[in-house]
Amino acid sequence: MRILLTAVSVLAMFCLKGQNFDGYVNLGNQYSAALTALSGSNGSQYDSDANVWTLNPALLTTKQNPTWNFNSFFHPGEISEFSIGYSRALDSVWPIAFNLQRTSFGTSSRYDAEGQYMGEFSAADHRISAATSRQLSDKIYIGLLMNYTWRRIDIYHSHVFMLGIGGQYLINDYNSIGLTIHQLGLESKPYISQNNATTIDLSLYGSRKLQYLPLQVFLKLQKLNQWNQLDYSNPFVENTIEFTDQEEKIDSRMTAFVKEFFAHVVIGGEFAFGRNDNIYLRFSYDHLRNKQLGIDNIRSLEGISLGFGLQLKKIKFDYAWEKIYFNAAAHQISIQFSPFSNNNQTSAVLPKGF
């Protein structure tokens, strides 16, 4: 199956070693251009984006205005994604959110065992997501996220059910932290005969809003449960390269630690301008994606994402540009619409600085 995945998407060539489940499914982890522009580093930015619950379900506000979300992601080649979401508060305690997503990987050529052309086949993902949250105190929030994914390659089908658990703690007016455990689940029906385990992701988030600049900075430490396990397969060489041992010489313990640490680091930032902070500029860098998708000894922009946003009363528009490969990039557009609110912001009363 790995050969088919490689034919469908360039990202599959760089999937993590031994993580058969990931494949091309990791394309569908961002439901908003704002999240993509920040590389998912804003997992503790409370009440900032109607789609942020897909990153950390604890960030669903208990006074969420009914909000519709439309998102379209254009990857290189024929790969594209579209999703529609809805979030609101049923009462003063339990907010809910839903999202439907379809990822199409286009068509690929089919050949028989003798190499003769046999037509084409298609591949696609369909995902249903739902989440809810609960406020435990003035500073502590928890949330639960559920995902069901139906994956299809030609005549082969696979069904996967996963859970995500999140939490957030508001330290003070300008600082907050978040914690998530994602992809807790199983592949209930494999493509052929072997069930592949989901790859659990334990991530820690931190955010700080500067007091004298219109800037909020973010830090994400991802896949912390995979410390010293982040290997990647480089299609330009035969052997698997490890982050902590990419050269023949043996690194010192400090050098190995620094390399491993930065393999888990994602940093991002968001500027807010305008009369009511209704214009946004965003940037981020994911070092793991740079190592996975970059070419050795060549400086490139893999892992860098940029974007901007504009809020006009009840409508919010976001755009993101993400470097995928040395000659390819992805573009994403998102629209949030809150028809039954006075403005596009939620009515939750938040601490100063958020």
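The rules we used
Along each chain, numbering runs from 1 in the same order as the chain's sequence is written. Local features in this predicted model are restricted to residues of pLDDT 70 or higher, and side-chain atom pairs are both shown and tallied only at a pLDDT of 80 or more, whereas totals for entire chains, interfaces and linings draw on every residue. In computing side-chain properties, one takes all heavy atoms of the structure into account and sets aside hydrogens as well as water. Under the DSSP-based scheme used, a helix requires at least four consecutive residues in state H or I and a strand at least two consecutive residues in state E, with every element numbered from the N terminus. Buried means the residue's accessible area, taken with a 1.4 Å probe over protein chains only, is under 20% of the maximum for its type, while exposed means over 50%, and partly exposed covers the values in between. To pair, rings of Phe, Tyr and Trp, with the six-membered ring standing in for Trp, must have centres within 6.5 Å; the planes then decide the type, stacked if under 30 degrees apart, edge-to-face if over 60, and tilted in the middle. Throughout this description, the term nonpolar core refers to a set of buried Ala, Val, Leu, Ile, Met, Phe, Trp, Tyr and Cys residues connected via side-chain atoms within 4.5 Å. By convention in these notes, a salt bridge is any Lys or Arg side-chain nitrogen within 4 Å of a carboxyl oxygen on Asp or Glu. Two strands pair under a simple rule: DSSP has to find at least two bridges between them. Residues adjacent in sequence count toward polar contacts only when both atoms are side-chain atoms; beyond that, a polar contact is any pair of N or O atoms within 3.5 Å, and within protein one must be able to donate a hydrogen and the other to accept it. Contacts are assigned to residue pairs that have any heavy atoms within 4.5 Å of one another. pLDDT runs from 0 to 100 and stands for how confident the predictor is about each residue. Candidates for patches are residues over 30% relative accessible area with no salt bridge; among them, like charges are joined within 9 Å and nonpolar side chains (Val, Leu, Ile, Met, Phe, Trp, Tyr) within 5 Å. Using a 1.4 Å probe, the Shrake-Rupley method yields the accessible areas, and only the shown protein chains count as cover for residues.

## Considerations on unusual backbone geometry
And then number 1: Of note in this structure, Q183 is not a glycine but carries a positive phi near 65°.
And then number 2: You can see Q183 is positioned in strand β7 (residues 175–189).
And then number 3: You can call Q183 partly exposed: its relative accessible area is 25%.

## Some thoughts on the packing of aromatic side chains
And then number 1: Under the defined criterion, the tally for this structure stands at nine aromatic pairs.
And then number 2: Centroid distance F271 to F273: 6.0 Å. Interplanar angle 10°. Geometry classified as stacked.

## Details of the nonpolar core
And then number 1: The biggest cluster of nonpolar side chains holds seven residues, and these are L35, Y46, V52, A58, L59, Y141 and L170.
And then number 2: Counting six residues, the second-largest nonpolar core is a separate cluster that includes I79, F105, I153 and Y191.

## Quick notes on the pattern of salt bridges
And then number 1: Evaluated as defined, the whole model comprises six salt bridges.
And then number 2: The partner of R110 in a salt bridge is D154, and the shortest N-O contact between them spans 2.4 Å. Within this pair, whereas R110 is found in strand β3 (residues 95–111), its partner D154 is found in the loop between β5 (140–153) and β6 (156–170), the two being separated by 44 residues in sequence.
And then number 3: A relative accessible area of 27% means that R110 is categorised as partly exposed.
And then number 4: Through salt bridges with shared partners, a single network forms among E270, R282 and D318.

## Some thoughts on the pairing of strand β16 (residues 328–337)
And then number 1: By the alternation rule, side chains of β16 split into A328, A330, Q332, S334 and Q336, which are all buried, and A329, H331, I333, I335 and F337, of which none is buried.
And then number 2: Direction of pairing for strand β1 (residues 67–74) relative to β16: antiparallel, over a ladder of seven bridges. Residue F70 lies in a different strand from β16, and its bridge partner there is I335.
And then number 3: Joining the antiparallel neighbours strand β15 (residues 315–325) and β16 is a turn of two residues.

## Structural notes on the side chain of Q101
And then number 1: Within the element layout of this structure, Q101 appears in strand β3.
And then number 2: Among the residues examined, Q101 registers a relative accessible area of 7% and is labelled buried.

## Examining the pairing of β6
And then number 1: Across 14 bridges, β5 lies against β6 in antiparallel orientation. For I153, the partnering residue across the bridge sits in β6 and is Y156.
And then number 2: Where β5 hands over to β6, the hairpin turn is made up of two residues, of which D154 adopts a positive phi near 60°.
And then number 3: Counting the residues that bridge the hairpin from β6 to β7 gives four residues.

## Thoughts on the side chain of S133
And then number 1: You can see S133 is positioned in strand β4 (residues 117–135).
And then number 2: Engagement of the side chain of S133 in a polar contact is seen with the backbone oxygen of L60, the distance being 2.9 Å.
And then number 3: Setting aside residues up to four positions removed in sequence, S133 forms contacts with P57, A58, L60, V93, W94, P95, I142 and G143.

## Considering the environment of Y169
And then number 1: Secondary-structure assignment places Y169 in strand β6.
And then number 2: Expressed as a C-alpha distance, the spacing of Y169 and K139, which sit 30 residues apart in the sequence, is 5.4 Å.
And then number 3: Apart from the residues lying within four places of it in its own chain, the contact partners of Y169 are K139, I140, S176 and I177.

## Overview of the environment of A124
And then number 1: Following the sequence through the fold, A124 ends up in strand β4.
And then number 2: Since its relative accessible area comes to 0%, A124 is described here as buried.
And then number 3: Through-space distance from the C-alpha of A124 to that of D154 is 9.0 Å; in sequence the pair is 30 residues apart.

## A word on the confidence of the model for the chain
And then number 1: Across the chain, the average pLDDT comes to 80, with 80% of residues at or above 70.
And then number 2: When mean pLDDT is taken per element in the chain, strand β9 (residues 215–221) scores highest with 95 and helix α1 (residues 2–8) scores lowest with 30.
And then number 3: Every residue in residues 1–26 scores below 50 in pLDDT, and together they form 64 contacts with partners more than four places removed in sequence or on other chains.

## Topic: a nonpolar patch on the surface
And then number 1: Together, W68, F70, F74, F82, I315, I333, I335 and F337 make up a nonpolar patch on the protein surface, roughly 680 Å² of accessible area in all.
And then number 2: Elements with a minimum of two residues in the nonpolar patch: β1 and β16.
And then number 3: Within the secondary structure, F337 sits in strand β16.
And then number 4: Since its relative accessible area comes to 33%, F337 is described here as partly exposed.

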